[in-house]
Amino acid sequence: MEHLNKQQNNTRQEFRILLVGSSSDEIRDVCHILRKEYTRYISSVFEHEAVENIKRLKPDLIMVASSTITMAEDVIADIKRRIPAEQLPYTLLLCTIKESSRAYQLYRNGIIDYFVADRPLYDPYSVVAAVTQALNHTNSVKRISQEFGNLNKYFTDTLNSGNDKLHETAKTSEQVTRFIFDELNNLKTQLNAAGRETGILDTRYVNQQLTSLQETKLHPTKNHLLKVFEQQSEWLNEFRQGYTDKVVQMQIQPDDNTTIQVLLVDDDEFYREALATMFEDTHLKIEGVGSGKQALEYLQGEKPDLILLDYQMPGLNGLDLLQLIKKDTLLRDIPVIMLTGFSSREIVGNSIITGAADFIVKPGDRAAMISKIENITGKSV
């Protein structure tokens, strides 16, 4: 555990957060929420100072907490206009619940990377979870960038080596060609001399000379040239295999199936039907069951992309079912979003601690729900 904590601390030491606020009160409130885990990694500035501080600090994450979403859009637009695209950090927008629809459009259009719509009373778990997701995203991007850098170095170094080998091969081929021509010219000279001395060209003598040339000089030269080409072929095979191995190591298998399989576990049949209707024009394929027992039976044969799980159900409740899922080695990787009737800190806290990826207060805003599902599954709804 101590080793794990050291690794987490090292990771966070490399993680820089820039909080861009419209007022000192706004900045103070957000810093208060993040005080336990991330306060030491945060620098805070007012909106008009954002661009210069991004250039200076090179943060991994910017959190924009403006008084209105219009002001936030202006700040983000100014940042995108003045900061090169490859240097833009992960952008997290904090806004009011009333502004969530507009924030979702910004998210879908790629203007921001994510948003938390909880103001005026921020839910601490939502904000911390969003920052943690940004941390994981940033670390993944850095890892992929580093792997591409390593692959590019391998590719460049190997091609340089191959270029040298090609020069050596070309040089050897040129030497062999020159050698053959020289030997043939020597033979021609000898034959001409022999013909002048005897007046008659002895065919046996010609055959002897040609045989001697083949055995003593041409055959060894041919073997040497073949060996050079074999070495070149071996190098090409090694390069092909090495390149393939490195690509396989870093490759993320594409998912050709755009459908997101969702298991909805809720004892309220009306809510299950309403949610299915709400998302019928999306890529979500929702399978609804009415109890924890039915959910376990379903999960014996299917592994959905996501589980929407009601917190309060008769019999096997949501929290108990979540515990069973996270203990099962075959199911623990399935992300779970808890559905709660109340935004109680205790309920939300218990859900996150037990392993929920996020939570939604029922009935749930469609835009906010889509945003959370896309962020968790990595697929477009």
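Higher on the page you've got the structure.
Scope of this entry: the structure provided in the associated data block. Nothing here was measured: the structure is a model prediction, and the numbers come from that model.

### Regarding the pairing of strand β7 (residues 284–289)
Inference 1: One ladder, built from 6 bridges, connects strand β6 (residues 260–265) with β7; its direction is parallel. The partner of Val262 across the bridge, within β7, is Ile286.
Inference 2: Once the chain exits β6 it traverses helix α8 (residues 269–278) before rejoining the sheet at β7, and the crossover so formed is right-handed.

### Some details on the sheet that holds strand β10 (residues 358–361)
Inference 1: The strand order β7-β6-β8-β9-β10 describes an open sheet built from 5 strands, whose pairing is parallel. On the outer flanks of this sheet lie β7 and β10, each paired with one strand and no other. Each strand of the sheet is rotated relative to its neighbour by a mean of 25°, with strand direction disregarded.
Inference 2: Packing of α8 onto the sheet brings it into contact with β6, β7, β8 (306–310) and β9 (336–340), and relative to β7 it is tilted by some 175°.
Inference 3: Contacting β6, β7 and β8, helix α9 (residues 292–299) runs over the sheet at an angle of about 150° to β6.

### Describing the packing of α9 against helix α10 (residues 318–327)
Inference 1: Direction vectors running N to C along α9 and α10 enclose 20°, while the axes themselves pass 10 Å from each other. Looking at the two axes, α9 sits roughly parallel to α10. Both α9 and α10 take part in a crossing whose hand is right-handed. Within the contact between the two elements, α9 uses Gly292, Ala295, Leu296 and Leu299 and α10 uses Leu321, Leu324 and Ile325.
Inference 2: By residue class, the composition of the contact of α9 with α10 is 6 nonpolar, 1 polar and no charged.

### Let's talk about the nonpolar core
Inference 1: The biggest cluster of nonpolar side chains holds 56 residues, and the ones touching the most others in it are Leu34, Leu61, Met63, Leu92, Leu93, Phe115 and Val131.
Inference 2: Among the elements that take part in this core, helix α6 (residues 124–198) stands out by supplying 6 residues, more than any other.
Inference 3: Apart from the residues lying within four places of it in its own chain, the contact partners of Val131 are Phe15, Ile17, Leu34, Tyr38, Leu61, Met63 and Leu92.
Inference 4: Core analysis: the second largest hydrophobic core is formed by 22 residues, Val265, Val348, Ala356 and Phe359 among them.

Definitions and limits used
- All residue numbers refer to positions counted from 1 along the written sequence of the respective chain.
- Predicted model: local features are reported for residues with pLDDT of at least 70 only, side-chain atom pairs are reported and counted for 80 or more only, and whole-chain, interface and lining totals are derived from all residues.
- Note: side-chain values were computed over all heavy atoms of the structure, leaving out hydrogens and water.
- A pair of strands is considered paired only if DSSP assigns at least 2 bridges between the two.
- The secondary structure listing takes helices from DSSP runs of H or I that are at least 4 residues long and strands from runs of E that are at least 2 residues long, numbered from the N terminus.
- If the strands point away from the viewer and the path from the first strand over the helix to the second runs clockwise, then the crossover is right-handed.
- Orientation is described by axes fitted as lines to C-alpha atoms, over the contacting stretch for helices, and by angles from 0 to 180 degrees between their N-to-C directions.
- Contacts between residues were defined by any pair of non-hydrogen atoms, one from each residue, lying within 4.5 Å.
- For classification purposes, angles smaller than 35 degrees are called roughly parallel, those larger than 145 roughly antiparallel, those between 65 and 115 roughly perpendicular, and all remaining angles oblique.
- Definitions for this section: a left-handed crossing has its near helix turned counterclockwise from the far helix by less than a right angle. A right-handed crossing has that turn clockwise.
- Residue type decides the class: Asp, Glu, Lys and Arg count as charged, Ala, Val, Leu, Ile, Met, Phe, Trp, Tyr, Cys and Pro as nonpolar, and the leftover types, Gly among them, as polar.
- Put simply, a nonpolar core is a bunch of buried Ala, Val, Leu, Ile, Met, Phe, Trp, Tyr and Cys residues held in one set by side-chain atoms that sit within 4.5 Å of each other.
- For the exposure calls, accessible area comes from a 1.4 Å probe over protein chains only, and a residue counts as buried if that area is under 20% of its type's maximum, exposed if over 50%, partly exposed in between.

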